[in-house]
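Examining the three-dimensional arrangement
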Amino acid sequence: MKIAIIGGGIPGLSQYLFLQKVGLLRGRSVTIYEAREAQDHSAAAAADFGTYNSSVIGASIGLSSTGLRVLKRLDIELHDEILRAGHVIRTWRMSSARGWTLANLPVGGDDERMVMIGREVCCQILRNRVPDEAVVRRKVIDVSLAEGNNGPRLVFQDQTTEEVDFVIVCDGIWSRARRAMFRAQDLNQYEFSPLYEGLVGVGGFVPSSKLQGTPEGEMNVVLGANGFFGYGYTTVNAQGSSKAGDTAV
Ligand SMILES: Cc1cc2nc3c(=O)[nH]c(=O)nc-3n(C[C@H](O)[C@H](O)[C@H](O)COP(=O)(O)OP(=O)(O)OC[C@H]3O[C@@H](n4cnc5c(N)ncnc54)[C@H](O)[C@@H]3O)c2cc1C
């Protein structure tokens, strides 16, 4: 049986690891097709988690308690590595642009926490657990029905095709596979296609020394008239998961 996972982001890689955990890799071929250029997953690169620069995709991501519990169930070592690489958030502080504190919201009870972590770092921690041969750099441009057995057939950018038995769709907001499910011709306009609603987000990293007076474990959201600005630590130092490292988001 051939299973294709389209997209090697956080969900695609996690799906692979879950299939592995429940024993579904045995006797099956499971391939992740990822459109993006492979990152450097060598041990040296993995150790260099502090490298936050403008080529990093997606700035930081907050993993909620629910997400962390999922990771814990998947692999306790993976979960602990995520905690070590990110910054544990205990409180959300909401304030107004005029400097008023509107709310201090605890993330939850003692067993509830949230981790801010570089998206690329999170991806890399997952990717390091997936064998290289399971990830193939290919862009899927369509999923059609194979002649005869009516199973799914992947169509790649170079116009080659591959018939598989099962497809797991993780190719994000501009998903080619989702479009194929709705048999739509246009990538941008079909039932359930993404719709731009006027919200734009820009994210990046700064040295954590810029966050003067910001307590460790706090994520800040400053609400303005037509937008909001968020900031907080996103790495940890060697002393523990709530101690600020060098990088803030
Ligand atoms: C600004 C912003 C902030 C966010 N913050 C958070 C947060 O703090 N916490 C949180 O939980 N969620 C957050 N989200 C939501 C979260 O990022 C998404 O829900 C999640 O990334 C969706 O995963 P996905 O696998 O569907 O897509 P993606 O993460 O986009 O992954 C898709 C992957 O598929 C690959 N791909 C795309 N097209 C193809 C193709 N045709 N062929 C092969 N590969 C392909 C891409 O290169 C990519 O690697 C945020 C989203 C945005 C935009």
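Residues numbered from 1 in each chain as written. Predicted model: local features only at pLDDT ≥ 70, side-chain atom pairs only at ≥ 80, totals over all residues. Heavy atoms only, no water.

Glancing now at the sheet that holds strand 10 (residues 152–156). Hydrogen bonding along the main chain pairs the strands of a sheet, whether they run parallel or antiparallel. Ordered by their spatial adjacency, three strands build an open sheet running 9-10-11, and the pairing between neighbours is antiparallel. The sheet terminates laterally at strand 9 (140–145) and strand 11 (161–163), the two strands that pair on one side only. Neighbour-to-neighbour, the strand axes of this sheet turn through a mean angle of 25 degrees, independent of strand direction. (Pairing = 2+ DSSP bridges. Helix = DSSP H or I, 4+ residues; strand = E, 2+ residues; numbered from the N terminus. Axes fitted to C-alpha atoms, helices over the stretch in contact; angles between N-to-C directions.)

On to the site of the ligand, then. Close contacts around the ligand come from 18 residues, with Glu 34, Ala 35, Gly 62, Arg 119 and Val 140 the closest. One of the backbone N or O atoms of Val 140 is found 2.7 Å from a nitrogen atom in the ligand. In the complex, the protein chains occlude 54% of the 1,000 Å² of accessible area that the ligand would expose alone. Of all elements in the fold, only strand 2 (29–34) and strand 3 (60–63) reach the threshold of two or more residues within the shell around the ligand. Its residues assigned to classes, the shell around the ligand shows six nonpolar, five polar and seven charged. (Near = heavy atom within 4 Å. Polar contact = N/O pair within 3.5 Å; in protein donor to acceptor, adjacent residues only side chain to side chain. Areas by Shrake-Rupley, 256 points an atom, 1.4 Å probe, with all protein chains shown as cover. Nonpolar A, V, L, I, M, F, W, Y, C, P; charged D, E, K, R; others polar.)

What follows covers the nonpolar core. Nonpolar side chains in soluble globular proteins tend to be buried together. Grouped together as the largest cluster of nonpolar side chains are 31 residues, with contacts concentrated most on Ile 5, Tyr 16, Leu 63, Leu 78, Ile 82, Ile 117 and Leu 126. Lining this core are residues from two domains, each supplying at least three of them: domain 1 (1–41 + 128–193) and domain 2 (71–114 + 200–249). Among all residues touching Ile 117, those that are not within four sequence positions of it are Ala 59, Ser 60, Ile 61, Leu 63, Ile 82, Ala 85, Gly 86, Cys 122, Ile 125 and Thr 234. If you look at the next biggest cluster of nonpolar residues, it comprises 10 residues, including Ala 4, Ile 6, Val 143 and Ala 177. (Core = buried A, V, L, I, M, F, W, Y, C linked by side-chain atoms within 4.5 Å. Buried < 20%, exposed > 50% of the residue type's maximum accessible area, 1.4 Å probe, protein only. Domains from an automatic or database assignment. Contact = heavy atoms within 4.5 Å.)

Bringing helix 3 (residues 65–74) into the picture now. What helix 3 keeps buried is the set Ser 65, Leu 68, Leu 71 and Leu 74. Tucked inside the fold, the buried residues of helix 3 contact helix 1 (10–21), strand 3, helix 4 (76–85), strand 7 (114–118) and helix 5 (119–127).

Let us look at the pairing of strand 7. Taken residue by residue, a regular strand's side chains alternate between the two faces of the sheet. Where burial is concerned, most of strand 7 is hidden: five out of the five residues are buried. Along strand 7, one buried face is formed by Met 114, Met 116 and Gly 118 and the opposite face, lined by Val 115 and Ile 117, is buried too. Inspection of the sheet shows strand 4 (residues 87–89) paired to strand 7 by three bridges, in the antiparallel sense. Pairing of Val 88 across the sheet is with Val 115, part of strand 7.

Next up on the list: the packing of helix 3 against helix 4. Interhelical geometry of helix 3 versus helix 4 gives an angle of 135 degrees and a closest axis separation of 5 Å. The orientation of helix 3 relative to helix 4 falls into the category oblique. Here helix 3 contributes Leu 68, Leu 71, Lys 72 and Leu 74 to the contact with helix 4, which in turn contributes Ile 76, Leu 78, His 79, Ile 82 and Leu 83. Of the residues belonging to the contact of helix 3 with helix 4, the class tally is seven nonpolar, one polar and one charged. (Parallel < 35°, antiparallel > 145°, perpendicular 65-115°, else oblique.)

Attention now moves to the domain arrangement of the chain. Taken domain by domain, the chain holds domain 1 (1–41 + 128–193) and domain 2 (71–114 + 200–249). On the side of domain 2, six residues touch domain 1, which itself brings four residues to the contact. When the two sides are added together, the surface that domain 1 and domain 2 hide from each other amounts to roughly 520 Å², 57% of it contributed by carbon and sulfur. Considering only the side of domain 1, the residues that lose the most area to domain 2 are Phe 18, Lys 21 and Arg 129, jointly responsible for 79% of the buried surface there. The interface formed by domain 1 and domain 2 includes two salt bridges. Between Arg 129 and Asp 75 there is a salt bridge; the shortest N-O distance is 3.4 Å. Of the residues assigned to the side of domain 1 that touches domain 2, the class counts are two nonpolar, no polar and two charged. (Buried area = accessible area lost by both parts, 1.4 Å probe. Salt bridge = Lys/Arg side-chain N within 4 Å of Asp/Glu carboxyl O.)

Ordered in space as 3-7-4, the three strands form an open sheet in which the pairing is antiparallel. At either margin of the open sheet sits one strand with a lone partner, and together these are strand 3 and strand 4. Along the sheet, successive strands turn relative to each other by an average axial angle of 30 degrees, direction set aside.

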